[in-house]
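Descriptive structure summary
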Amino acid sequence: MPFTVPLPRTPADGGLARWYEHELGWATVAGPPVQLVTGVRFDVLELPATAGRVVLRRMGPATGPVALLGRRMRLLVAAGSAEELPGLLDWLEWGGISLDLAALGTDGRMTAPLPPGRSGSGAPGAAVWLRAPAPGREVESSLPALRSAPWGEGTAPCLVRLVAAAAAECHRVRLLSARARGPVAQQLPPQRFASS
């Protein structure tokens, strides 16, 4: 019976996976590129980077960890948040509106950025940390969650406030890009005349 031999990990990939597994306790999937497993220790809220930058300014420095991959920003949120997103958007009255806002939860993957302070390929479009996780610190307790600390306590923003800000900014970006494309000429269907 034939079998496939997996490709060997490159030393860089092995070191990257080990850093996430040993320093943060996060599950990884061999690469290249190395992937972080979502839905176990954290979920991911993904949105356009232009909208994400405004969200980060609005929500403050406690929002994190945050990664960037190309033109997409990934905000780490508490595990289980991805399942809550559709209902939360409905409750916030964003349901049914096309938003460029997605969540990665159980069985999802995100490309692992290089750990802080490590040099790497620096390839254009490579994943990078904008706000990196801190090794030796329980990252999960500082992630936005639906059931967070009472108002005024704790450092993580409430998931409801984060999703509300993200939805509003995604919608704003969508409207601005539609305006930049210019008005779309409405085409009327050809008229049909009844023969007499």
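The paragraphs below set out a description of the structure included in this document. (Residues numbered from 1 in each chain as written. Predicted model: local features only at pLDDT ≥ 70, side-chain atom pairs only at ≥ 80, totals over all residues. Heavy atoms only, no water.)

1. A closer look at the sheet that holds strand β6 (residues 102-104)
Spatial ordering of the open sheet is given by β6-β3-β5-β4-β8, a layout of five strands whose pairing is antiparallel. Strands with a single pairing partner mark the edges of an open sheet, and in this sheet they are β6 and β8 (128-131). Adjacent strand axes in the sheet meet at a mean angle of 30° when their direction is disregarded. With three bridges connecting them, strand β3 (residues 42-48) and β6 associate as antiparallel partners. Within β6, the position partnered with Val44 by the bridge is Leu104. Packed on one face of the sheet, helix α2 (residues 49-59) meets β3, β4 (66-69), β5 (72-78) and β8 and runs near 115° to β3. Against the sheet, helix α4 (residues 159-181) contacts β3 and β5, and its axis sits at roughly 20° relative to β3. (Pairing = 2+ DSSP bridges. Helix = DSSP H or I, 4+ residues; strand = E, 2+ residues; numbered from the N terminus. Axes fitted to C-alpha atoms, helices over the stretch in contact; angles between N-to-C directions. Contact = heavy atoms within 4.5 Å.)

2. A few points about the packing of aromatic side chains
Applying the stated criterion across every chain yields a total of three aromatic pairs. Ring plane angle 90° and centroid distance 4.9 Å describe the contact between Trp19 and Tyr20, whose orientation is recorded as edge-to-face. Accessibility assignment for this pair places Trp19 and Tyr20 in one class, buried. Aromatic side chains Tyr20 and Trp26 sit 6.0 Å apart centroid to centroid with 15° between the ring planes, which places their arrangement in the stacked category. With respect to class, Tyr20 is no different from Trp26; both count as buried. Feature note: the residues Trp19, Tyr20, Trp26 and Phe42 constitute an aromatic cluster, connected by ring pairs. (Phe/Tyr/Trp six-rings, centres within 6.5 Å; stacked < 30°, edge-to-face > 60°. Buried < 20%, exposed > 50% of the residue type's maximum accessible area, 1.4 Å probe, protein only.)

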